[in-house]
Structure formats: structure tokens, C-alpha cells
Amino acid sequence: MSVYLDHAATTPMVEPALVAMNQQLRKLGNPSSLHTPGRSARKDIEQSRESLAKVVGCIPSEIIFTGSGTESDNTALKGLFWKGRKEGKNLVLISAIEHHAILDPAQWLQEHEGAQVIEIPVDSNGVVEIEALDTLLSQRADEVAVISVMHANNETGAIQPIAAIVQAANEYSIPVHSDAVQSFGKVGLNFAELGLTAMSLSGHKIGGPLGIGVLVLKRGLELPALLHGGGQEREIRSGTLNAPAIVALSAAAECSIPVEEIQQLRQLLENGIKQAVPDAYINSTGEKLPGIVNATYPGTESDTLLLLLDAEGIAASTGSACSAGVQRPSHVLLAMGHNEKSARSSLRFSIGTSTTRAEIERVLEVLPVVIERARAANLR
Ligand SMILES: Cc1ncc(COP(=O)(O)O)c(C=O)c1O
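Residues numbered from 1 in each chain as written. Predicted model: local features only at pLDDT ≥ 70, side-chain atom pairs only at ≥ 80, totals over all residues. Heavy atoms only, no water.

Student: A description of the overall build of the protein chain should follow, citing residues and the corresponding values.
Tutor: Of regular secondary structure, the protein chain possesses 13 helices and 14 strands. Taken along the three principal axes of its C-alpha coordinates, the protein chain extends 65 × 55 × 35 Å. Split into buried and exposed, the 380 residues of the protein chain put 54% on the buried side. Put simply, of all contacts in the protein chain between residues at least 6 apart along the chain, 72% involve residues at least 24 apart. As displayed, the protein chain has an accessible area near 16,200 Å², and 51% of this comes from carbon and sulfur atoms. For the protein chain, the separation between the mean place of its 31 positive charges and that of its 42 negative charges on side chains is 5 Å. (Helix = DSSP H or I, 4+ residues; strand = E, 2+ residues; numbered from the N terminus. Buried < 20%, exposed > 50% of the residue type's maximum accessible area, 1.4 Å probe, protein only. Contact = heavy atoms within 4.5 Å. Areas by Shrake-Rupley, 256 points an atom, 1.4 Å probe, with all protein chains shown as cover. Lys, Arg positive; Asp, Glu negative; His and termini not counted. Charge placed at Lys NZ, Arg CZ, Asp CG, Glu CD.)

Student: Give me the side chain of Asn 283: which residues, what numbers.
Tutor: Here Asn 283 shows up in strand β9 (residues 281-283). Classification of Asn 283 as buried rests on a relative accessible area of 3%. Among the polar contacts listed, one links the side chain of Asn 283 to the side chain of Thr 296, at a separation of 3.0 Å. In this structure Asn 283 touches Thr 156, Lys 288, Asn 294, Ala 295, Thr 296, Leu 333, Met 336, His 338 and Ser 346, once residues within four positions along its chain are discounted. (Polar contact = N/O pair within 3.5 Å; in protein donor to acceptor, adjacent residues only side chain to side chain.)

Student: Lay out the sheet that holds strand β10 (residues 292-296) with the relevant residues and their values.
Tutor: Judged by pairing direction, the sheet is antiparallel, and its three strands sit side by side in the order β9-β10-β14 without closing on themselves. In the strand order of this sheet, the two ends are held by β9 and β14 (346-350), each with one partner. Neighbour-to-neighbour, the strand axes of this sheet turn through a mean angle of 35 degrees, independent of strand direction. Bridge count for β10 against β14 is five bridges, and the pairing is antiparallel. Looking at β14, one finds that Ile 292 is bridged to Ser 350. Against the sheet, helix α9 (residues 259-276) touches β9, β10 and β14, its axis set at about 10 degrees to β10. (Pairing = 2+ DSSP bridges. Axes fitted to C-alpha atoms, helices over the stretch in contact; angles between N-to-C directions.)

Student: So what's going on with the domain arrangement of the protein chain? Residues and values would help.
Tutor: Split into domains, the protein chain comes out as domain 1 (15-254) and domain 2 (258-379). A separation of 29 Å is found between the C-alpha centroids of domain 1 and domain 2. Across the boundary between the two partners, domain 1 contributes 23 residues, which contact 22 residues of domain 2. Of the roughly 1,700 Å² buried between domain 1 and domain 2 on both sides combined, carbon and sulfur atoms contribute 55%. For the domain 1 face of the interface with domain 2, the top three residues by lost area are Asn 125, Glu 155 and Thr 156, together amounting to 38%. At the boundary of domain 1 and domain 2, one finds zero salt bridges. Partitioning the side of domain 1 that touches domain 2 into residue classes produces eight nonpolar, eleven polar and four charged. (Domains from an automatic or database assignment. Buried area = accessible area lost by both parts, 1.4 Å probe. Salt bridge = Lys/Arg side-chain N within 4 Å of Asp/Glu carboxyl O. Nonpolar A, V, L, I, M, F, W, Y, C, P; charged D, E, K, R; others polar.)

Student: Pulling in residues and values, what's your account of the packing of aromatic side chains?
Tutor: By convention here, two paired aromatic rings are described through the distance between centres and the angle between planes. Within this structure, the stated rule accounts for one aromatic pair. Between Trp 82 and Trp 108, the aromatic rings sit 6.5 Å apart at their centres with planes inclined by 85 degrees, giving edge-to-face as the arrangement. With a gap of 26 residues between them, Trp 82 in helix α3 (residues 69-85) and Trp 108 in helix α4 (residues 100-112) connect regions that are remote in the sequence. We classify Trp 82 as buried; its relative accessible area is 18%. In this structure, Lys 78 is placed above the aromatic ring of Trp 108, and the distance from its NZ or CZ to the ring centre is 4.7 Å. (Phe/Tyr/Trp six-rings, centres within 6.5 Å; stacked < 30°, edge-to-face > 60°. Lys NZ or Arg CZ within 6 Å of the ring centre and 35° of its normal.)

Student: If you had to explain the side chain of Thr 66 to someone new, which residues and values would you point to?
Tutor: Looking at the element boundaries, Thr 66 is found in strand β2 (residues 63-66). In terms of polar contacts, Thr 66 uses its side chain to reach the backbone carbonyl oxygen of Ser 68, at 3.1 Å. Side chain to side chain, Thr 66 and Ser 72 meet in a polar contact 2.9 Å long. With sequence-adjacent residues up to four places away left out, Thr 66 is seen in contact with Glu 71, Ser 72, Gly 211, Ile 212, Gly 213, Val 214, Leu 215 and Arg 237.

Student: Describe the packing of helix α1 (residues 15-25) against helix α8 (residues 243-254), naming the residues involved and giving the relevant values.
Tutor: Contact geometry of α1 with α8 gives a least axis separation of 8 Å together with a crossing angle of 155 degrees. Our classification of the angle between α1 and α8 gives roughly antiparallel. Where α1 crosses over α8, the two elements pack in a sense that is right-handed. Counted together, Pro 16, Ala 17, Ala 20, Met 21, Gln 24 and Leu 25 of α1 and Ala 243, Pro 244, Ala 245, Val 247, Ala 248, Ala 251 and Ala 252 of α8 form the full contact between these two elements. (Parallel < 35°, antiparallel > 145°, perpendicular 65-115°, else oblique. Left-handed = near helix turned anticlockwise from the far one by under 90°.)

Student: Now, about the site of the ligand: what can you tell me, with residues and values included?
Tutor: Around the ligand, the surrounding shell holds 13 residues, and the nearest of these are Thr 70, Asp 179, Gln 182, Ser 202 and Lys 205. Within the contact set of the ligand, an oxygen atom lies 2.5 Å away from a side-chain nitrogen or oxygen of Thr 70. His 99 is positioned with one of its side-chain polar atoms (N or O) 3.3 Å from an oxygen atom of the ligand. The greatest single-element share of the shell around the ligand, amounting to three residues, is contributed by α3. (Near = heavy atom within 4 Å.)

Student: Provide a residue-level description of the state of the cysteines, including the pertinent values.
Tutor: Joining two cysteines, a disulfide is a covalent bond between their sulfur atoms. One pass over the full model with this rule turns up zero disulfides. Here Cys 255 stays unpaired: no disulfide links it, and the sulfur of Cys 58, its closest cysteine neighbor, is 19 Å away. Among the residues examined, Cys 255 registers a relative accessible area of 29% and is labelled partly exposed. (Disulfide = S-S within 2.5 Å.)

Here's what the structure looks like:
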């Protein structure tokens, strides 16, 4: 039996998305063309934009289609920084647990564009410390070009206090961007209610296709572009619109993810881990996404665990970057207070729509044996 528990990395396309994409792929017409096939493709896109806007609580013109969550993050962070810099602001505030799609452009802005980047710390549950942000703002608010804090973390699932962050930022009229790639479809997400300036989404995490992302950007806001060309998408993201991926994304967003079932499977997995490996502990125990279980297994190395599980047909993840074959400890777990050793003994299982109870039971059957082997390998 093969078990896929890496749905936070990518998850299978849902049937309505596959059907919509297949149909659209057979249609002709560049959506920017004025002839009938072009206008027809444009109509399909605009319908998708409207239904997507309803799902995420924004107006249709606030939706900008991009090529990925990474592109949306880069466009928002760099664009808002450049906009702020024109007003003499060069400070970029991000949380210490951002995905590399924010961490790396922030570092790039620091190295190439004169930005100063400050990371807001998190507590031991992996939640941004709002008091630390308040202190920073009370001292340096007039220097801040942009604040970017993810809606939920991809490694631990911990949900972040976005409403409180926006409230703090509003006092100083600072724009706030949130990477909501992991939250999209899994927890309530309403752009207008959150009061955000910008929000990133991605297609392939919700049963839509790869290669499509969304930047939700407040109405009327002009942002310097990363890509220049045909002037599509408010001149913020030039490039022929990817109609098949857009209609498929919107079809996927219309399908509700069975959050309660996923949550029950997560509970089963978490309880089972604690029973099967008594000294293991779950990382992030507060409010979190329904399908993510990140646990530490003392005395093991996570890459050994990954390989041993893979040999049993089980796909999991460390959630952290792998550089030149050497597993680096997760910056998220380090920020939560782990030392390098415990961060390197941690693993993420992520549950999705297609996950079954039998699959979770299979993992729980295999896990104690795998942990024992990984511990023995570590002692050698
Ligand atoms: C929180 C978060 N942000 C951004 C991304 C990047 O999205 P994409 O794969 O669409 O570029 C991911 C994907 O792993 C993610 O988990």
C-alpha cells in the first residue's frame, strides 16, 4: 500500500478542475484578442475571476492571476517595498517563519535594494509575537514599507494572528501582505474582513493545477511590476492569461475540502504517534490547519526517517529546504526554540482530501519500527 502524506507540498487535482481544464485546453483564443474566440476565452476568465473573488471575499478586480504562489509573494513583497521606498521607507518586517518565497526575496531586497529586514519572532507554538511587533512599530513605524506575515505556516500549520497584525499596522497606515497559500480552502479566509493590502494564493495546494497563483491586491493600488510586456492584470503581471489553469483553479476553489474528516484523521494520527512513540512530541498545539502533523522523534535524523518511510511506500516531508543533499534544520522549528538536533529529528505528515483512515493506520503500524531503525542508525 502506498501512502501519500505530503499534501501540503502538492495535492491531486480534483475532478471538476480536471474537467474544466481539459475543456478549456481545447478552446482557441488569446483572451487579450478582440475577435470572437478571444472574447470567449476572456469571458471564461472573467467568470472564474468573479467566482474566485466570492470565495476569498474580495472584488473581482482585486484578483491578479500569476504563475505561482512564489510569484505572488515576490510581486507583493518587492512591489510594496519599492512603493514604500519612494516615500523614504526602507524597513521590511516579516515573520521568522515565512516560506522561502518570502524569506528569499526579503533577503534579496536587503542585498540589492537597500532594504533593512527585521524578522518578528514567534513563540514556542510557532505563533507570531504580536507584542514584539507592537514594540517595533512604536519605535520605527515611520520607516516600515511593508509587513508580511503568512496566514498559516506550511511546516507546523500554526495559524497566525493576521487580524491583530493588520490592526496594529493600520494605526500607522502600513500595508500588510499575507501568504495564505496553505490556508486557502482549509480555513475561513476573507480578504476584505482581514483588511489586508495583499494576499497570495496558489492553485496546486487546493486541488487546482500547478502553474497558477493569485495575488489579491487592494482595489486601485498601483504596484511596480516584476514582469513587463502586454500590460495584463492591471499592468502588474504581463503575460498571456493562462485560461485553462484559471478556470480549473476556480473550479477547484468551488469544491469544498472535507475539513472535518481531515481534522479527525489528524487527531487519529497525532494520538497514534503519541502512543506508538511515547517520547515523540507534536510541534504547534494551538490553533492550526486541519491536515498538518509536525512531530519530533528524539534520537532520529529526519532524512533517515524520510528514506525509511519511503521504502515502506509512505511519502512524508521535513518541510525544510535541502541544500546540496544536506538537510538543513528547519528555520521554522529553530525560531520556535528547537535546537539544531531536535529540529533535525522532526517530520511533517500532511493529510489531504484523498487520505483514508486505512492510510493513517498503515503509517501508525510502520512508524514504531521505522523510528527504532532510525535510532539504531543514528547510534552507529
Ligand atoms: C506557505 C507557502 N507559500 C508559498 C508557497 C509557494 O507556492 P508555489 O508552489 O505555488 O510557488 C508554498 C508552497 O510550498 C507555501 O507552502
